[in-house]
Amino acid sequence: MALLVSAAIGLLTACGLYLLLRPRVFSVILGLTLLSYAVNALIFLGGRLSATAAPLALPGAVGLADPLPQALVLTAIVIGFGMTAYLVALALRAKGETGTDHVDGAPPTDTPPGRAE
Amino acid sequence: MSPHALAALLLAPFLGVPLVLLLQARGRRWAAWGAAGAMAAGLAILAPFVSAVLHGGTVVMRWPWLPEWGMDVALRLDGLGLLFAGLILGIGLLIVLYAAYYLPMNDRLGRFYAMLLAFAGGMLGVALAENMLLLVVFWEITSLSSFLLIAYWSDSREARVAARMALAVTGGGGLALLAGVLLLAHVAGSFELSEVLARGDLVRDHALYPVILVLVLLGAFTKSAQFPFHFWLPNAMAAPTPVSAYLHSATMVKAGVFLLARFYPVLAETDLWLVLVGGTGAVTFVYGAYVALLKNDLKGLLAYSTISHLGLITLLLGLNTPMAAVAAVFHIINHAIFKASLFIAAGIIDHECGTRDMRRLGGLFRFMPWTATLAIVAAGSMAGVPLLNGFLSKEMFFVETINHPAFFGAMGYALPAFATLAGMLSVAYSARFVHEVFFSAATADMPRTPHEPPRWMRLPVDVLVALVLLVGLLPQWTVGPILTAASAAVLQADVPPFKLAIWHGFNMPLAMSAAALVGGLLYYRRRHALFALHARFLPRLASQVAFERAYRIAEFAAMRLMALADRRSLPTYLALFLGFTVVLGAWAWHSATPSSLAGPLPWGETDPVTWVGVALLAIGALGTVLLHRQRLIALVFMSVAGLVVSLAFLRFAAPDLALTQLSVEVVTIVLLLMALRYLPQEAVAESSPALRWRDAALAGLGGLGVAALCFAMLTRPFDTISGYHIAQSVPGGGGANVVNVILVDFRGFDTLGEIAVLAMAALGLHALLDGLRLVPQAGGTRTQDRYPVMLAMLMRPLLPLAIAVSVHIFLRGHNLPGGGFIAGLVIAIALMLQYVAGGIDFAQARLRLDYVRVLGLGLAIAMATGLASWLFGRPFLTSAHGYVSPPIVGSFEIASAMAFDLGVCLVVIGAVMLALTELGLLGCREQAPAQGEG
């Protein structure tokens, strides 16, 4: 189980990182979203896996799931939305200013500056 | 006099810096008075100490500053410090007066005096430091302020290059000095000079002694322009002449020899010292004197002469005999006096004639007899003419060269012969200065007809030349006491008895002086042969060329490195960052104590449901990556991954997370879909395959690292720190949903910060998109379909229902899954559906909500809840709870934290809706596609 879950999180991370390195904003936003899934899940796993733990401190509940990582992740999810929304706005604004959705504000030129084509 | 007055002495020039900057607004005269006042104040504070120090006392002042780092503000005033403080402030005062006349009338002087005073303060700090680190700090202040002063006329490229060169050389030496001082303190066990100076034997016997010596000498030699680091000084003549007169004769360049004198008791009197210090001094002495004669520029001649005299002082200190050290101190005094007056005179000549080129000057004695007389006397002192002060110290030097213990047999003649030769060269360039400027036939090539300068401009020369004569004629009476006190401070021992007199009878030194004078004059007469010879075999000034070459190589290498590392591209930065992170992680893993990746805990049994979940997750994530250029499809794949994550939360006992993730997922997807309208739907593959493989490798390594971390974590024992929260949730927080109680109660302050961040992000988005006009991509035109009737009909009654559900989620949140975050998201989704179904115009017209105000209201409520607890005398955000039983709804527990949760809920609604409506409003002000990309 531990190996399987770790592999899943590793895969999410790798996919997120690869998209993060793409040159267009939309891919970067997708990458960041995948990456935040992975990070949230990792923090959540800090409280360890248990399919049988009780989620609520109701009378008679034993073996309660660790609530601290959950509280951390809950706010992280919401803030993650705030970040995504802000990035989208930034990307659209940059598109409006530069006319391109390339992260550097201009598509790359194949020839280095200063060298004739 | 309290030792603490030393701090006032040190502060006086620094306090003068803002003073002159303020005063310059009232006129240059005010600025000059301010600067003079600061120098005079320093002298006044110094005066009461004089008699005690002259009687052999050492005043030490100590304020603890950073005692754990051995850093105290500790100052000392001994004979050597007194001598230098007197030179710095006394000559400084004269320079302030001179500069007021020298600098052009349109210069307001404030900036100049501010730099000059900062330099004087740094120099005083060097002279007065008791703590060696403090000495280094002030040493660097002199380097920096001299950089500013040399580049004072910053319009001139020559001045800027010279300043940069001086800073690179002296600043580099300062770094070496810092290293040397740190090693010295390590060996001697203290940063305090009083202690270090008493441990000379310990240091000299230590294995690190050669290293310390070389590092300290690098500092001293660069500052005092010793060969081969001399080249910055002639270039620094681009500075205004008052700067040259001050820094390059009396103070800054003397800091190097001051350092040699200061550390004399610790580092000197070894063979290595004799070879390095004596050797460098000797080479510099004769090289400077030789080049000085070749210079056509008046200040260039003086600069090389300064290099030569500094070489003489260094040589004297390097001779390792007590009397040579006394002679060195004596020559420091004499050289400061005559060289400052010569620089000032050169400045006057430049000022009056419009040129300093000796080939164009001539016969000035007729035009300015008084200035000429003064300059001739000073030049005589420089040449070592009897009855002047320079003669006395040169005579002492000659005495020390005869019968030096390190040179015996036939070698016993070598040193005196060398001294006489160098003396000859000094006489030759002094003769050139006097003859070509004041006597040789007027060439009528001078830009202006010169005349005597204003009386006050000449006053500094008057004073200094009077000192030349006084010291020359009455040495014992004038400099005897300070020379004894300063020499005692240098030697840290009793000074051997010496007699300062102008006549010692007919002896060997006198014969050497006579030989130098006669030989020098003859040599000067034959100079044209020398010039011809020199022009034929023009020697390259090797060290300056080497410096410039090294500088250009460094510049080029830095640019190449920058070009390599900085492609001005965010993906490259990210890839570099990621690469470094991977390397760091691997390195940390490698260097940690070896242990297996898997911990002691069992791995746990897998079950089919998890396998299915992971398979779906993999499909979602990989699909997003593989199809990321077809953006709509990629978005669908990504939402699959998000859905699996929410389900995983649900399965592993985190219902709150599942609810939050699910609703955030919905909102995010809608947001991205809306953004896609303005971005290309499909992108072309533009990264080269090599680049893609690189990124894939980096991403794979990163993923592997995270997986390893996760696996190591999961298989290791774990001890929760949540025990307190779980135990106190029901009795203390009044809720069984521990996660929610943590959010709104235990860690309420964190949550307040988090909703503030959320609000800021939403406001930032609002600011970014406000008024933005974009060209829609996506097939260009807006769909002409009416909004689907069925959806619209269904959505309208759904809104109240959805709100009821979210109120329920909100109210039960303290005990069951739910709470402000989730309730806010549910309401936001319900509102969003109205926009989707009815269109933005329809929804805006009916909802009339200003979401910025909703944000503000939410924050205000959350804040007010926190503040309310102050009314009850409790800390911020303390909560109270109890049961209420309103009709119909039934009994439920209510906590004051619920009001806080309401604030959270409102902020979430505000943020989400602000984001969505801003994006929706973009559609109302689209540009026609034809105007955009063709």
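The rules behind the values
Residues numbered from 1 in each chain as written. Chains lettered and ligands numbered in written order. Predicted model: local features only at pLDDT ≥ 70, side-chain atom pairs only at ≥ 80, totals over all residues. Helix = DSSP H or I, 4+ residues; strand = E, 2+ residues; numbered from the N terminus. Buried ≥ 20, exposed ≤ 12 C-beta atoms within 10 Å, placed from the backbone. Contact = placed C-beta atoms within 7 Å. Nonpolar A, V, L, I, M, F, W, Y, C, P; charged D, E, K, R; others polar. pLDDT = per-residue confidence, 0-100. Axes fitted to C-alpha atoms, helices over the stretch in contact; angles between N-to-C directions. Parallel < 35°, antiparallel > 145°, perpendicular 65-115°, else oblique. Arc of directions from axis to C-beta. Core = buried A, V, L, I, M, F, W, Y, C linked by C-beta atoms within 7 Å.

Moving on to the overall build of chain B. Scanning chain B from N- to C-terminus turns up 40 helices and four strands. Burial status across chain B gives 50% buried among its 934 residues. Taking contacts inside chain B between residues at least 6 apart in sequence as the whole, the part at least 24 apart equals 78%.

The next point concerns the overall build of chain A. Counting its regular elements, chain A contains three helices and zero strands. For chain A, the residues scored as buried account for 61% of the 117 residues in total. The contacts of chain A with a sequence gap of at least 6 include a subset with a gap of at least 24, amounting to 43%.

The subject of this paragraph is the interface of chain A and chain B. Contact with chain A, which involves 75 residues of that partner, is made by 96 residues of chain B. Breaking the side of chain A that touches chain B down by element, the ones donating at least two residues are helix 1 (2–20), helix 2 (25–45) and helix 3 (67–98) of chain A. Counting residues per element, the side of chain A that touches chain B draws most heavily on helix 3 of chain A, at 23 residues. Looking at the side of chain A that touches chain B residue by residue, the classes come out as 55 nonpolar, 12 polar and eight charged.

As for its position among the elements, L3 of chain A is in helix 1. Residue classification places L3 of chain A among the partly exposed residues on the basis of 16 C-beta atoms within 10 Å. Other than its neighbours up to four places away in sequence, L3 of chain A contacts W603 and F711 of chain B.

Residues shown with low pLDDT carry predicted positions that ought not to be read at fine detail. Residues and elements named next belong to chain B. Mean pLDDT over chain B stands at 87; residues scoring 70 or higher make up 95%. For residues 930–934, every residue scores under 50 in pLDDT, and the model assigns this stretch four contacts once sequence neighbours within four places are set aside. Interface predicted TM-score (ipTM) for the complex: 0.90; the corresponding pTM is 0.67.

All names here are of chain B. Inspection of the secondary structure puts G813 in the loop between helix 36 (789–812) and helix 37 (820–838). For the pair formed by G813 and M898, sequence separation is 85 residues and the distance between their alpha carbons is 8.9 Å. When near neighbours in sequence (up to four residues on either side) are disregarded, G813 contacts N737, N740, G818, G819, G820, A823 and D901.

This paragraph deals with the packing of helix 3 of chain A against helix 31 (residues 655–676) of chain B. Contact geometry of helix 3 of chain A with helix 31 of chain B gives a least axis separation of 10 Å together with a crossing angle of 5°. When the interaxial angle is binned, helix 3 of chain A and helix 31 of chain B end up roughly parallel. Across the interface between the two elements, Q70, V73, L74, I77, V78, F81, T84, A85, V88 and L92 of chain A of helix 3 of chain A pack against D656, L657, T660, Q661, V664, V667, T668, L671, L672 and A675 of chain B of helix 31 of chain B.

What follows is about helix 33 (residues 723–733) of chain B. Think of an α-helix as 3.6 residues a turn; residues three or four steps apart then line up on the same face. If you check which residues of helix 33 of chain B are buried, you get H725, S729 and G733 of chain B. In an axial view of helix 33 of chain B, the angular spread of the buried residues amounts to 55°, which keeps them on one side of the axis. Within helix 33 of chain B, the exposed residues directed more than 90 degrees away from the buried face are G723, Y724, A727 and P731 of chain B. Contacts from the buried residues of helix 33 of chain B go to helix 3 of chain A together with helix 34 (738–746) of chain B.

All names here are of chain B. Where helix 37 meets helix 38 (residues 840–847), the closest approach of the two axes is 6 Å, and the angle between their N-to-C directions is 135°. Here helix 37 lies oblique to helix 38, going by the angle between them. Contacts between helix 37 and helix 38 involve L831, Q834, Y835 and G838 from the first element and I840, F842, A843 and L847 from the second. Its residues assigned to classes, the contact of helix 37 with helix 38 shows six nonpolar, two polar and no charged.

A separate point is the nonpolar core. The biggest cluster of nonpolar side chains holds 223 residues, and the ones touching the most others in it are A35, V96, I150, L316, V329 and A378 of chain B. Looking at this core, the element that brings in the most residues is helix 17 (residues 322–353) of chain B, giving 21 residues. Setting aside anything within four residues of it in sequence, one finds A378 of chain B in contact with F338, S341, L342, A345, V465 and V468 of chain B. Counting 135 residues, the second-largest nonpolar core is a separate cluster that includes L56 of chain A together with A658, L679 and I909 of chain B.

The subject of this paragraph is the environment of L72 of chain A. Residues and elements named next belong to chain A. Its place among the elements puts L72 in helix 3. With 20 C-beta atoms packed within 10 Å, L72 lands in the buried category. Separated by 28 residues in sequence, L72 and F44 have C-alpha atoms that sit 8.2 Å apart.

Buried residues dominate helix 13 (residues 252–262) of chain B, accounting for 11 of its 11 residues. M252, V253, K254, A255, G256, V257, F258, L259, L260, A261 and R262 of chain B are the residues of helix 13 of chain B that are buried.

A word on unusual backbone geometry. Phi is mostly negative for residues that are not glycine, and the peptide bonds are mostly trans. Residue and element names in this part refer to chain B. Omega for the bond connecting F227 with P228 falls within 30 degrees of zero, at 5°, which places this linkage in the cis form. Of note, E269 is a non-glycine position whose phi angle comes to about 65°, a positive value. With 16 C-beta atoms counted inside 10 Å, the residue E269 sits in the partly exposed group. In the Ramachandran plot, N320 falls in the positive-phi region, its phi being about 70° despite a non-glycine side chain.

Right, let's get into the confidence of the model for chain A. All names here are of chain A. On average, chain A scores 84 in pLDDT, and the residues at 70 or more come to 88%. Within chain A, helix 1 carries the highest mean pLDDT (93), whereas helix 3 carries the lowest (90). Between residues 110–117, whose pLDDT stays under 50, and residues either more than four places distant or in other chains, the model counts one contact.

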